Amino acid sequence: MSKTNPGNYFEDFALGQKLPHATPRTVTEGDQALYTALYGSRFALQSSDEFARSLGLPRAPLDDLLAFHVVFGKTVPDVSLNAIANLGYANCVFGAPVYPGDTLSTESVVIGLKENSNGKTGVVYVNSTGVNQRGETVLDYVRWVMVRKRDEASPAPSASVPELPKAVAASDLQLPEGLDFAKFDTMLAGAPHRWGDYEVGEKIDHVDAMTIEEAEHQMATRLYQNTAKVHFNQHVEKEGRFGRRIVYGGHVISLARALSFNGLGNAVKIAAINGGAHTAPSFAGDTIYVWSEVLDKFELPGRSDLGALRLRSVATKDRACADFPDRGEDGRFDPAVVLDLDYTIFMPR
């Protein structure tokens, strides 16, 4: 009997199946330092203990997306080891802040299955929940992924595609206990613009760009203990669809988030990811640009210190965003677009 893990193929999944994931991970200041080195994120709340304490938190929390990637990484050996592509995200709510020293673990439930028309692959929908050592939920989200079949002749399960909300409701957003933006110092944060300075429909070209390096995207993916084969094994991938390793989509999300600081520097806390899609693969050598649009803005009940913005960030490769590349009249994305991310942030008023 083989003692190695071949990963699950499409026909191994069943609706309602629970997947407890291995390897709880204790996150550290070293993880945050490496994350900063990889992406150059400059948001003040995650950069300074003193800044975080001035806003009512005990210390600087880890970057929200670092927590996301660690929780996500736990799921890969059971959900997407044999994936062709991670397709999208929805209904992602960030809960308790994650601090150095916290231990994160993840469990997933299969909530949808649909075989593709080619009979070679299928789409698996999972709801994954990450918790800390106290059992507090730090992240709850849905993602869907295209997975290979082990045997193309195997029968397909009845198609079941979950209905997912277009956005996380304002009432479902979770404010960290003690967080108070009343003393938010925009000078120390490095950006003057507050919640009231943004208008629905406004578009922001974030101007800056960053080139993906082969070593860096693999180092980042290993940091999250994401073991998906397509990110690492050039010996196999040179014979695959693209002839090279694919960059983990979350790496592009983190690049886009870091680059968005120039224009959204006070968007210091991600509250939710409403939806997102990796519209094209990224590879080492691609240079990532990003632009954002304000989709909505809303007040939070009983809070005069902060508000929420619903944002859409579009990342491109090897194409500057001064003209906001997007979908064409035919509904297709500009070929340079690699990420379309809809998310909600908290910002000082």
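The sections below set out a description of the structure shown in this document.

Reading the values: the criteria
- Residues numbered from 1 in each chain as written.
- Predicted model: local features only at pLDDT ≥ 70, side-chain atom pairs only at ≥ 80, totals over all residues.
- Heavy atoms only, no water.
- Salt bridge = Lys/Arg side-chain N within 4 Å of Asp/Glu carboxyl O.
- Helix = DSSP H or I, 4+ residues; strand = E, 2+ residues; numbered from the N terminus.
- Buried < 20%, exposed > 50% of the residue type's maximum accessible area, 1.4 Å probe, protein only.
- Pairing = 2+ DSSP bridges.
- Polar contact = N/O pair within 3.5 Å; in protein donor to acceptor, adjacent residues only side chain to side chain.
- Contact = heavy atoms within 4.5 Å.

For side chains of opposite charge, pairing can occur when their charged atoms come near one another. Per the counting criterion, the structure on display carries 17 salt bridges. The closest approach of N and O atoms between D342 and R310, which form a salt bridge, is 2.5 Å. Note that D342 is positioned in strand β12 (residues 337–348) and R310 in strand β11 (residues 306–317), a separation of 32 residues in sequence. For D342, a relative accessible area of 12% translates into the label buried. A salt bridge links D323 to R319, with the shortest nitrogen-to-oxygen separation between them at 2.8 Å. The exposure class of D323 is partly exposed, given its relative accessible area of 49%. R319 sits in the partly exposed class, given a relative accessible area of 25%. Salt bridges here are not isolated pairs; linked through shared partners, they connect E293, R312, D326 and D340.

For strand β9 (residues 269–278), the buried fraction is high: 9 of the 10 residues fall into the buried class. Note: strand β3 (residues 83–94) against β9, 5 bridges, orientation antiparallel. When the sheet's bridge partners are listed, G88 is paired in β9 with A277. Strand direction decides the pairing type here: β9 and β12, joined by 8 bridges, are antiparallel. What sits directly across from G275, in β12, is D342.

Another aspect to go through is the side chain of S128. Residue placement: S128 occurs in strand β5 (residues 121–131). Relative accessible area serves as the criterion here: at 0%, S128 is assigned to the buried category. Within the structure, the side chain of S128 is placed 2.6 Å from the side chain of S108, a separation counted as a polar contact. Sequence-distant contacts of S128, that is, excluding residues within four places in its chain, are made with T75, T106, E107, S108, L139, D140 and Y141.

In the Ramachandran plot, V207 falls in the positive-phi region, its phi being about 70° despite a non-glycine side chain. Along the chain, the position of V207 falls in the loop between β7 (203–205) and β8 (210–211). The exposed category is assigned to V207, whose relative accessible area is 53%. Even without being glycine, D318 reaches a positive phi, approximately 55°. Here D318 lies in the loop between β11 and β12. Given a relative accessible area of 51%, D318 falls into the exposed group.

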